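# Chains, contacts and geometry: an overview
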Amino acid sequence: MAEKSGADILVECLIDLGVEVVFGYPGGAVLPIYDALFNHPKIRHVLVRHEQGATHMAEGYARSTGKPGVVLVTSGPGATNAVTGITDALMDSIPMVVITGQVPTQLIGTDAFQEADTVGITRHCTKHNYLVKSPNKLASVIHEAFHIATTGRPGPVVIDIPKNVQIATAPYEKPETFEHASYRPQTKADPAAIASAVEMLAAARRPIFYTGGGVINSGPEASTLLREIAALTGAPVTSTLMGLGAYPASAPQWVGMLGMHGTYEANWAMNKADLIVCVGARFDDRVTGRLDAFAPNAKKIHIDIDRSSINKTVEVDLPVIADVASALTDMIALWKDRGHKAADLSEWWARIDGWRARNCLAYPDSHEEIMPQEAIAQLYKASRSAKDVIITTEVGQHQMWAAQHFGFDEPNKWLTSGGLGTMGYGFPAAIGAQVGNPDSLVVCVAGDASIQMNIQEMGTATQYRLPVKIFILNNEYMGMVRQWQELTYESRYSNSYSDSLPDFVKLAEAYGWTGIRIEGPQELEAGIRQMIDTPGPVIVDCRVAKLSNCFPMIPSGAAHTEMLLDPSQVEGIMSDEAKALV
């Protein structure tokens, strides 16, 4: 058996595992790996401008393609710069493998140049991590890392490889199969749990499906099955921010996103339901609001592949530990076998229609300035002409407006940072999505503050001729910070104003992009059409109303029914259910 260097073994493993793209930035501790990659025909390397950008690109690639994202960075600052993206991937369950260089083994612990305890630093923000001290163990570690990253609840795995291990040689033979000795996630549900879930669903008169990113992570089949079980039962469907697109927003049973900036009808339906079927979500604080007021009279079924998520924040009546697609397949089969029919939910739907009548996403009309909600609505309308559209976002008001006013009918078309809420995520994620989906229209909806977090990646898009579009809702504020300061800090706008903004049009031109400025409502439709029709990368500086707030909004510490609505709709916290029918 021929021997190969550790660097060559790594590259061979990546090829064997089907890796086509690596996002990275070279440095001294990974030069042997970069040498092995030099002009390699089977792996495309995308040179980023910052290691955080690499991790978010890998997330966007993974989320939009279903394949694991792969990152390659050097030791020390290269690895520490990647920590934010690694944590983001952990919070949002994104499959990612991050390969970091390390100083030679004999220098570990000596404070050598560009040394950092990468394993120690990433221990709590990875699904698993490794320090490989021998080239003989490199192949097995790499295959194991990909297995862990992509199975069960997906997540990031770090492989830290000292430079001398990259240079040393060892025999390599492609493994025929890989099976972990102890890590074996439960993908098939207990039949008794499935039976109980089906009977609880059949008996419910006010059921609701509460869905999350786990449906999308389970694969396209899970989204199809969710649609089928919703049709069989006639129950309404809501979703977390991360689950948008798993169930079509155009379907009559869709009641919108729930949670802090969710719809009035979704939050009230969750509160008044007699059965909540949680599918691939985790009852996070942005959904539940004040825990003691969350769905007080509902029984709760929780379908999740991650056992540790069960009863972590909300006690449930029936846990179903399984892959979402597997559990829904079994539930649908048993529902049909037992001859169940959809119950008469007419009274339940009448109440939901009453909540819908509040029209909670309405916003003031203006002929003088661009309302940010209208900008998203126009973007949605215009993008219907594209054969495939992927939307990424930065984090802030624009993110919530995009979630509220851009309808997603398919999974893997909405890429955003949910759990960590990372400003700087959206633009590099758009680059990663464009790399994985070269024929798609990829648009990053951004704010004027958050787009500057990783603005340097414009160079990456230019280098690789990636036609990504950045649609900036420019209100000259850190919008969500300003909104909270207005509503809870008596309008004391402490450091939330975006002073000294760049001229985004000139910045676009400096990078070889097209820059478009939209300054009034009469320019909005034409400006968006120009952005879509321009073949290369584009920045749109869309000047929107500066003091617009994102409603509905659940104030911090409030119950999920205590929603602030737009003042043009109603004043105060909506704590009285009867107001929904006024």
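Residues numbered from 1 in each chain as written. Predicted model: local features only at pLDDT ≥ 70, side-chain atom pairs only at ≥ 80, totals over all residues. Heavy atoms only, no water.

Under the annotation held in an unreviewed UniProt entry, the chain carries the name Acetolactate synthase and is attributed to Sphingobium chungbukense. In UniProt, the chain has this text filed under Catalytic activity (unreviewed entry): "2 pyruvate + H(+) = (2S)-2-acetolactate + CO2". The chain has a UniProt comment under Sequence similarities (unreviewed entry) that states "Belongs to the TPP enzyme family." (UniProt positions renumbered as here; feature names shortened; annotations may be inferred.)

The next thing to look at is the sheet that holds strand β15 (residues 389–393). Across a sheet, strands are paired by hydrogen bonds formed along the backbone, either parallel or antiparallel in direction. Here we have 6 strands laid out as an open sheet, ordered β16-β15-β17-β18-β20-β19, and parallel in their pairing. Only two strands of the sheet have a single partner each, and these edge strands are β16 (414–415) and β19 (514–518). Pairing of β15 with β16, which is carried by 2 bridges, proceeds in the parallel orientation. Looking at the pairing, Ile391 lines up with Trp414 of β16. Contacts from helix α22 (residues 521–533) reach β17 (441–447), β18 (469–474), β19 and β20 (538–543), with the element oriented near 165° to β19. (Pairing = 2+ DSSP bridges. Helix = DSSP H or I, 4+ residues; strand = E, 2+ residues; numbered from the N terminus. Contact = heavy atoms within 4.5 Å. Axes fitted to C-alpha atoms, helices over the stretch in contact; angles between N-to-C directions.)

Within this numbering scheme, the UniProt entry marks residues 395–542 as carrying the feature "domain: Thiamine pyrophosphate enzyme TPP-binding" (unreviewed entry). Counting secondary structure, residues 395–542 comes out at 38% helix and 17% strand; the distance between its end C-alpha atoms is 17 Å.

Between its terminal C-alpha atoms helix α11 (residues 220–233) stretches 21 Å, which fits the 20 Å expected from 14 residues at 1.5 Å a residue. Those residues of α11 lying buried are Ala222, Ser223, Leu225, Leu226, Ile229, Ala230 and Thr233. Taken down its axis, α11 places every buried residue within 160° of arc, on the same side. Structural note: α11 exposes Pro220, Thr224 and Ala231 on the side pointing more than 90 degrees away from its buried face. Looking at the packing, one finds that the buried side of α11 touches α9 (191–203), β9 (207–211), α10 (213–217), β10 (237–239) and α14 (324–337). In the stretch just after α11, Gly234 is the one whose phi turns positive, near 75°. (Expected span 1.5 Å × (residues − 1). Buried < 20%, exposed > 50% of the residue type's maximum accessible area, 1.4 Å probe, protein only. Arc of directions from axis to C-beta.)

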